[in-house]
Amino acid sequence: MTTGRGRGGESRPVPDDAGRRRGAGRLRRLGWGALALFLAAFAIFESVKYGLPTTVAMLLFFALIDLARLAGVRPPGVLHQALHRVWIPLVVVVAYSFGPIVWPPLFTAGLGWLTRIAVERAFGRGMPLTDGS
């Protein structure tokens, strides 16, 4: 916060650029958190509905980032970047929804992966922002 002068000459706090970015960052993380809760509930619903194979697929893809890290995938590699991109599991979920493939574990795998990405971004981890933070 910086200090500015009001009409009467009094000193008043004025939010600086960093304060606005922090506020926008909190709002963005809150949005990711809400999305993570929705996706987790949807993935659990689908898992209960379709049984063990969908549950295994969802949990496996939820842990995909950790499994890749155990296999030696480290930032800033291409595979690490791909695992943290939202559009890849989103394409899987949307293509499954509108495509001819009927295999529920594929859908719940995409939901699990999206949930993991949303959880990481809600907690401030995952892909860095464009300003390097």
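Note: the structure precedes this text.
The following refers to the structure shown. Everything numeric here is computed off the predicted structure, so don't read it as measured data. Every chain's residues receive numbers from 1 upward, in the order its sequence appears when written. Where totals are concerned, whole chains, interfaces and linings use all residues; where local detail is concerned, this predicted model gives features only for residues with pLDDT of at least 70, and gives and counts side-chain atom pairs only at 80 or more. Excluded from the side-chain calculations are hydrogens and water; all other atoms, namely the structure's heavy atoms, are used.

Here we come to the packing of aromatic side chains. What counts as a ring pair is set by centres within 6.5 Å for rings of Phe, Tyr and Trp (its six-membered ring), and what kind of pair is set by the plane angle: stacked under 30 degrees, edge-to-face over 60, tilted for all other angles. The full count for this structure, using the stated rule, is four aromatic pairs. Between Phe42 and Phe107, the ring centres sit 5.6 Å apart and the planes meet at 80°, which makes this aromatic pair edge-to-face. Residue Phe42 is located in helix 1 (residues 17-50), and its partner Phe107 is located in helix 6 (residues 104-122); the two are separated by 65 residues in the primary sequence. With a relative accessible area of 7%, Phe107 lands in the buried category. Through pairs of rings, three or more aromatic residues link up here, namely Phe38, Phe42, Tyr96 and Phe107. Charge-over-ring placement is defined geometrically: NZ (Lys) or CZ (Arg) within 6 Å of the ring centre, and within 35 degrees of the ring normal. Positioned over the ring face of Phe62 is Arg116, at 5.6 Å from the centre of the ring. Here a helix means four or more residues in a row that DSSP labels H or I, a strand means two or more in a row labelled E, and each is numbered from the N terminus. Note on exposure labels: buried denotes an accessible area under 20% of the residue type's maximum, exposed denotes more than 50%, and partly exposed covers the range between, all computed with a 1.4 Å probe on protein chains only.

At the junction of Pro75 and Pro76, the peptide bond is cis and its omega measures out at 0° in the coordinates. With respect to the element layout, Pro76 can be found in the loop between helix 3 (64-70) and helix 4 (78-83).

With that out of the way, let us pick up the nonpolar core. Nonpolar cores are built from buried Ala, Val, Leu, Ile, Met, Phe, Trp, Tyr and Cys residues. Side-chain atoms within 4.5 Å join them into one set. Grouped together as the largest cluster of nonpolar side chains are 12 residues: Trp32, Ala36, Leu39, Ala43, Met58, Val93, Tyr96, Phe107, Leu111, Leu114, Ala118 and Ala122. Listed by contribution, the elements that provide at least two residues to this core are helix 1, helix 5 (87-98) and helix 6. For this core, the leading source of residues is helix 6, giving five residues. Contacts: residue pairs with any heavy atoms within 4.5 Å of one another. Residues in contact with Ala122, not counting those within four places in the same chain, are Arg29, Trp32 and Gly33.

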